[in-house]
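# Analysis of the macromolecular model
Below are the chains, spelled out letter by letter.
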Amino acid sequence: MIGFYNYTVVLTYMSLVSSVAGIFFACGMCGGKANPTYAVVCLMVSGLCDMFDGKVARTKKNRTDDEKKFGIQIDSLCDAICFGVLPSVIGYSVGLDSFIDLPVLILFPLCAVIRLAYFNVAEESRQKKTDDVRKVYEGLPVTSVALIFPLLYSFHKDIGGYFPQVYGLTMIVIAIAFITRFKVKKPNMKTMFIFIGIGFIEFLWLIYKTKNQ
């Protein structure tokens, strides 16, 4: 079969599966009614999988050059859907459904894809020069939306009728941050566990707000 199917890409594929499910939830898979809450949870699951896929891949010491290149490409392709397309579909499901909202819904995945493509080029060039693990990123990593949007969504009832506009404005700011040239330090393992803790708290808060509103 075409492709690579060893354990190094399992988490990447799981991240994609979760996000595709999230897209269907946001589009009304459950009884024909949009369920952005389920979609946001799927976004968080995708973020969790993506957080560790690179570390898992690097545990395979005898990876060929083709396996390494495939890993870079498949990770970015999946990220484009998980953290570029899914947040836009969630935006549509929460109320960004008019013609004037269309540019925002298009801008977000476009900037995400540009950032990911640039990362692929830069990473391939970097790996030709060194085997060291990347220490910094340029631009806001697309995976950051797995923490940002769930936190924002947990307040959608508090914000009320203005939530679609707040969500759309947040999308614009994040999209610009994707393609803005600034340095972001790559999180170490300790920081990653802090992110997991934050995500877990966000998940509990989201469940609490959903049940009590």
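Residues spaced three or four apart along an α-helix point in a common direction, a consequence of the helix completing one turn every 3.6 residues. Taking 1.5 Å per residue, 23 residues should reach 33 Å; helix α2 (residues 36–58) reaches 34 Å between its end C-alpha atoms and fits that length. The sharpest bend along α2 measures roughly 30° and falls at Phe52.

Another point: the packing of aromatic side chains. Within this structure, the stated rule accounts for seven aromatic pairs. Relative to Tyr38, the ring of Phe25 has its centre 5.3 Å away and its plane inclined at 75°; by these criteria the two rings are edge-to-face. With Phe25 in helix α1 (residues 10–26) and Tyr38 in helix α2, this pair connects stretches of sequence that are 13 residues apart. Looking at Phe25, the relative accessible area reads 19%, which means it is buried. You can call Tyr38 partly exposed: its relative accessible area is 42%. Each member of the aromatic cluster is reached from another via a ring pair, and the members are Phe108, Phe149, Tyr153, Phe163, Tyr167 and Phe178.

The next point concerns the pattern of salt bridges. Within the structure shown, the criterion is met by two salt bridges. Between Glu138 and Arg181 there is a salt bridge, and its shortest N-O distance comes to 2.9 Å. Taken together, the residues span a long stretch of sequence, with Glu138 in strand β1 (residues 136–138) and Arg181 in the loop between α7 (163–178) and β2 (183–185) at a distance of 43 residues. Under the relative-accessibility criterion, Arg181 is labelled exposed at 62%. Among the ionic pairs, Glu138 bridges to Lys183, the shortest N-O distance being 3.8 Å. Linking Glu138 in strand β1 with Lys183 in strand β2, this pair joins segments that are 45 residues apart in sequence. Residue classification places Glu138 among the partly exposed positions, given a relative accessible area of 24%. Owing to a relative accessible area of 60%, Lys183 belongs among the exposed residues under this scheme.

What follows covers the nonpolar core. In terms of nonpolar packing, the biggest core is built from 36 residues, with Ile90, Phe108, Val145, Phe149, Tyr167, Met171 and Phe178 touching the most fellow members. Counting residues per element, the ones that place at least two in this core are α1, α2, α3 (65–93), α4 (102–129), α5 (145–153) and α7. When residues of this core are assigned to their parent elements, the largest contribution, seven residues, is made by α7. Aside from chain neighbours lying at most four places away, what touches Phe149 is Leu43, Pro87, Phe108, Tyr167, Thr170, Met171 and Ile174.

Now for α5. All of the buried residues along α5 are Val145, Ala146, Phe149, Pro150, Leu152 and Tyr153. For α5, the angular spread of the buried residues around the axis is 160°, confining them to a single face.

The contact between α2 and α3 brings their axes to 10 Å, and the two run at 160°. Classed by the angle they form, the pair α2 and α3 counts as roughly antiparallel. Once α2 is placed against α3, the crossing between them reads as left-handed. Contacts from Pro36, Ala39, Val40, Leu43, Ser46, Gly47, Asp50 and Asp53 of α2 reach α3 at Asp75, Asp79, Cys82, Phe83, Leu86, Pro87, Ile90 and Ser93. Of the residues in the contact of α2 with α3, the class split is nine nonpolar, three polar and four charged.

We now examine the environment of Gly54. Tracing the chain through its elements places Gly54 in helix α2. Owing to a relative accessible area of 24%, Gly54 belongs among the partly exposed residues under this scheme. Sequence separation between Gly54 and Asp75 is 21 residues, and the spatial gap between their C-alpha atoms is 8.7 Å.

Take the side chain of Glu202 next. Structurally, Glu202 is set in helix α8 (residues 189–211). Look at Glu202 and you get buried, because its relative accessible area is 8%. Excluding residues within four positions of it along the chain, Glu202 makes contact with Met44, Ala146, Leu147, Pro150 and Leu151.

Calculation notes
- Residues numbered from 1 in each chain as written.
- Predicted model: local features only at pLDDT ≥ 70, side-chain atom pairs only at ≥ 80, totals over all residues.
- Heavy atoms only, no water.
- Helix = DSSP H or I, 4+ residues; strand = E, 2+ residues; numbered from the N terminus.
- Expected span 1.5 Å × (residues − 1).
- Bend = angle between axes of the 7 residues up to and from the residue.
- Phe/Tyr/Trp six-rings, centres within 6.5 Å; stacked < 30°, edge-to-face > 60°.
- Buried < 20%, exposed > 50% of the residue type's maximum accessible area, 1.4 Å probe, protein only.
- Salt bridge = Lys/Arg side-chain N within 4 Å of Asp/Glu carboxyl O.
- Core = buried A, V, L, I, M, F, W, Y, C linked by side-chain atoms within 4.5 Å.
- Contact = heavy atoms within 4.5 Å.
- Arc of directions from axis to C-beta.
- Axes fitted to C-alpha atoms, helices over the stretch in contact; angles between N-to-C directions.
- Parallel < 35°, antiparallel > 145°, perpendicular 65-115°, else oblique.
- Left-handed = near helix turned anticlockwise from the far one by under 90°.
- Nonpolar A, V, L, I, M, F, W, Y, C, P; charged D, E, K, R; others polar.

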